[in-house]
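This is what each chain is made of:
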Amino acid sequence: MDVEQRLAAIAAAIAEPARARMLCALMDRRARTATELCATTELAASTTSTHLARLVEQQLLACVPQGRHRYYALASDEVGAALESLLVIAGRPVEPPRPRAPERLRLARTCYDHLAGTLAVGLHERLLKSRWLQPDGAREYRLLPAGERALDDWGVDLAAVRTQRRRFACACLDWSERRSHLGGALGAAVFQAALRRRWLTQDLEGRGVRPTPKGEREWLAPLGVAMEGTA
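Residues numbered from 1 in each chain as written. Predicted model: local features only at pLDDT ≥ 70, side-chain atom pairs only at ≥ 80, totals over all residues. Heavy atoms only, no water.

## Re empty space enclosed by the protein
Now for step 1: Evaluation of the coordinates by the stated rule reveals one cavity of 30 Å³ or more.
Now for step 2: Estimated volume of the largest cavity: approximately 120 Å³.
Now for step 3: Every residue lining the largest cavity is listed: H114, L115, A120, L123, H124, L127, W154, H181, L182, G187, V190 and F191.
Now for step 4: Put simply, the parts of the chain that give the lining of the largest cavity at least two residues each are β5 (114-116), α7 (118-129), β9 (180-183) and α10 (184-196).
Now for step 5: Top element by residues in the lining of the largest cavity is α7. It accounts for four residues. (1 Å grid on protein atoms, 1.4 Å probe; cavity = no way out; pocket = protein on both sides within 12 Å on 5 of 7 lines; lining within 4 Å. Points joined across faces, edges and corners; volume = space filled by probe spheres on them. Helix = DSSP H or I, 4+ residues; strand = E, 2+ residues; numbered from the N terminus.)

Structure representation (C-alpha cells):
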C-alpha cells in the first residue's frame, strides 16, 4: 500500500462518527475498556468491537491486555497530535472523561507489591525519558547502565532483583490513571527502597501511600516529578 492509499485508509477509519468519538475519548492518554468506550458511542457491544478492531488495524489504537480485561489507548503520540489538529479544524474542543477514583488513592497507592497512582506513572515516564529503562519486547524493559547507577544510589539491590523468578521489569497498566507504571521485580524493589529511605510512607491499613517531604526533596524534585497534593 502506497502512502496515498494508507492516508486514505486512515482517514476513512477516523471518518465514521462513532470511531471518531472513541478516539476523542482517549485523547487524555488514558486507556479504556471496550465497555467504557461502548458507553461513549451508545452502540451495541458487538458493533463497538468491530469499530475498535478497525482502529487497531489502522494502527490508530493499541490493545493492551491486563488481567481479565483488554484496554484500548491511542497507538502513539503522533496519533494524538494528528487528532488535536483535526479538532482545531473541526472547531470544537473535546473534554475527555475524568477518572472517578478517590483523589487520595489516585495520587499514590500499592498495586500488589509495587507503587501505583499518579506518582508511579510520573516516575515510569521519567525512567523512560531519562533512558534508564528501554523497552525490550511486549511491555517488558531492560535496565540501561545509567539506570543501574541511579537505582544503586537509591539503594535498590539489583543483584537480588535479578535472581527472582518473575518478570524483571514490565509496564503495568494503572487502573486509575489508565497509563502504565513500573511493575515486576524491579518495580517492587524500587517501592521497598523508597520506603526504607523514608521517601514514602504507607498506611497501616489499606493501600494508601504518600510521599514525605524528604522524598519530595531528595527523590521527586531531582527527577522533575511534580505532584499536586503531596504536601
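## Looking at the environment of A81
Now for step 1: Within the fold, A81 resides in helix α5 (residues 77-90).
Now for step 2: Accessibility expressed as a relative area gives 41% for A81, which makes it partly exposed. (Buried < 20%, exposed > 50% of the residue type's maximum accessible area, 1.4 Å probe, protein only.)

## Quick look at the side chain of R109
Now for step 1: Tracing the chain through its elements places R109 in strand β4 (residues 109-111).
Now for step 2: Among the polar contacts made by the side chain of R109, one reaches the side chain of D174 at a distance of 2.8 Å.
Now for step 3: In contact with R109, other than residues within four places in its own chain, are H114, L115, A116, G117, D174, W175, S176, R207, G208 and V209. (Polar contact = N/O pair within 3.5 Å; in protein donor to acceptor, adjacent residues only side chain to side chain. Contact = heavy atoms within 4.5 Å.)

## Focus: the sheet that holds strand β2 (residues 61-66)
Now for step 1: One open sheet holds the three strands; their spatial order is β1-β3-β2, and the pairing between them is antiparallel. Every other strand in the sheet has two partners, leaving β1 (32-33) and β2 as the edge strands with one partner each.
Now for step 2: In this sheet, strand β3 (residues 69-74) lies alongside β1 in antiparallel orientation, the contact comprising two bridges. Looking at the pairing, R32 lines up with Y72 of β3. (Pairing = 2+ DSSP bridges.)

## Looking at unusual backbone geometry
Most peptide bonds adopt trans geometry, and most residues besides glycine take a negative phi value.
Now for step 1: Phi angles above zero are rare outside glycine, and R131 is one such case at about 60°.
Now for step 2: Along the polypeptide, R131 turns up in the loop between α7 and β6 (133-135).
Now for step 3: Despite not being glycine, R198 has its phi angle at roughly 60°, a positive value.
Now for step 4: Following the sequence through the fold, R198 ends up in the loop between α10 and β10 (200-202).
Now for step 5: Residue classification places R198 among the exposed residues on the basis of a relative accessible area of 62%.

## Description of the pairing of strand β8 (residues 170-173)
Now for step 1: Here β8 shows no split at all, with C170 and C172 on one side and A171 and L173 on the other all buried.
Now for step 2: Connecting β8 to the next strand, β9, in antiparallel fashion are six residues, including R178 with a positive phi near 55°.

## Structural notes on α5
Now for step 1: End to end, α5 covers 20 Å across 14 residues, agreeing with the expected 20 Å (1.5 Å per residue, within 8%).
Now for step 2: Summarising the contacts, the buried residues of α5 are in contact with α1 (3-15), α2 (17-25) and β3.
Now for step 3: Of the residues one or two after α5, G91 is the one with positive phi, at around 85°. (Expected span 1.5 Å × (residues − 1).)

## Focus: the packing of aromatic side chains
Now for step 1: This model, assessed by the stated rule, comprises four aromatic pairs.
Now for step 2: For the ring pair W132 and W154, a centre distance of 5.8 Å and an interplane angle of 70° mean the geometry is edge-to-face. In this pair, W132 sits in the loop between α7 and β6 while W154 sits in the loop between α8 (145-153) and α9 (158-162), placing the two residues 22 residues apart along the sequence. Here the two residues W132 and W154 agree in accessibility, since each one is buried. (Phe/Tyr/Trp six-rings, centres within 6.5 Å; stacked < 30°, edge-to-face > 60°.)

## With respect to the layout of surface pockets
Now for step 1: The volume enclosed by the largest pocket comes to roughly 950 Å³.
Now for step 2: Lining the largest pocket are 31 residues, and of these R29, L74, A75, D77 and S180 sit closest to its centre.
Now for step 3: Mapped onto the lining of the largest pocket, the elements with two or more residues apiece are β2, β3, α5, α7 and β8.
Now for step 4: Taken together, the residues of the lining of the largest pocket sort by class into 16 nonpolar, five polar and ten charged.
Now for step 5: A volume near 430 Å³ is recorded for the second largest pocket.
Now for step 6: Residue assignment for the lining of the second largest pocket shows that the elements contributing at least two residues are β2, β3 and β8.
Now for step 7: The greatest single-element share of the lining of the second largest pocket, amounting to four residues, is contributed by β8.
Now for step 8: Here the residues of the lining of the second largest pocket sort into nine nonpolar, six polar and six charged. (Nonpolar A, V, L, I, M, F, W, Y, C, P; charged D, E, K, R; others polar.)

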